[in-house]
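# Structural features, examined
Now for the letters of each chain:
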Amino acid sequence: MIRIQTEDFDVGTEIAALENNGRSGAIATFTGLVRNRGDRQDVAALFLEHYPGMTENVIADLIDQARGRWTIDDARVIHRVGHLPLGDRIVFVGVSSAHRQDAFAACEFIMDALKTSAPFWKKEITADGESHWVEQKDSDREKAKGWGNG
Amino acid sequence: MSASPQAEPTITVKFFASLRERLGTDELTAPLSAGATVADLIGTLAEQGTPWDSLKGDRPLLVAVNQAMVKPSHPLKPGDEVALFPPVTGG
């Protein structure tokens, strides 16, 4: 399940959707939030843009790759776009599996790979009203390369 | 009955994020010459002067054709959807 949306999501609802199949013994989730510092200090909000269609295709491919590497039951990815104020949820990745190690690994892989291959762009809006596009981080590229991606 | 003139082959080019803002446009239709690659398209666009010449600068530029990432040597065909954008920063 992949959703790109402007509205917020409820983590509890998403976890419940992952746990009702009766087969899974583990659920690993990641939630990303808007924080007050990034490339600049005093970040007050983010603006997120994406490439409709390609975004969903890339994330679906990452979930397929995760299924090829680990035994997972289900995966859910939600990514918000548009104007997101401080503290808001940005992204959710949840994976259910028979075993915790597969759930942890697949969740981390999908999130790391998403950051360097899914067409989203983030703009930081600071408290003084200035805005600038966020630069891609070497550390994110290295994380993706560590999985053999990127 | 006379044959109607063949429509000129074209492609759609989309721009995102900082590149969209720098160029001041999010989409255009460009003529496609036979055998042209993504690199040829970027070269032609860059010849239009400022701000298009920045496409040939040292800023990293990613390319997708029909929503899949490709290299600059990728050949183009009529009707392709080409997207140009900076490195991605989601999550």
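Below or above, wherever it landed, is the structure these notes cover. (Residues numbered from 1 in each chain as written. Chains lettered and ligands numbered in written order. Predicted model: local features only at pLDDT ≥ 70, side-chain atom pairs only at ≥ 80, totals over all residues. Heavy atoms only, no water.)

Let us now look at helix α2 (residues 38-46) of chain B. Restricting attention to buried positions, one finds in α2 of chain B the residues Val38, Leu41, Ile42, Gly43, Leu45 and Ala46 of chain B. Next to the buried residues of α2 of chain B lie β1 (10-15), β2 (27-31), β3 (62-65), β4 (68-70) and β5 (81-85) of chain B. (Buried < 20%, exposed > 50% of the residue type's maximum accessible area, 1.4 Å probe, protein only. Helix = DSSP H or I, 4+ residues; strand = E, 2+ residues; numbered from the N terminus. Contact = heavy atoms within 4.5 Å.)

On to the sheet that holds β4 of chain B, then. All names here are of chain B. Spatially, five strands are ordered β2-β1-β5-β3-β4 in an open sheet, and the strand pairing comes out mixed. Edge positions in the sheet fall to β2 and β4, since each has one partner strand and no second. Shown here is a sheet whose adjacent strand axes are inclined to one another by a mean of 30°, direction ignored. Sheet strands touched by α2: β1, β2, β3, β4 and β5. Its angle to β1, the strand with the most contacts, is close to 75°. (Pairing = 2+ DSSP bridges. Axes fitted to C-alpha atoms, helices over the stretch in contact; angles between N-to-C directions.)

This paragraph deals with the pattern of salt bridges. Residues and elements named next belong to chain A. The final tally for this structure, using the stated rule, is 15 salt bridges over all chains. Note that arginine 23 is salt-bridged to aspartate 73, the shortest N-O span being 3.7 Å. Of this pair, arginine 23 sits in the loop between α1 (11-18) and β2 (26-33) while aspartate 73 is found in the loop between α2 (54-69) and β4 (74-80), placing the two residues 50 residues apart along the sequence. Its relative accessible area of 57% is what places arginine 23 among the exposed residues. Looking at aspartate 73, the relative accessible area reads 18%, which means it is buried. (Salt bridge = Lys/Arg side-chain N within 4 Å of Asp/Glu carboxyl O.)

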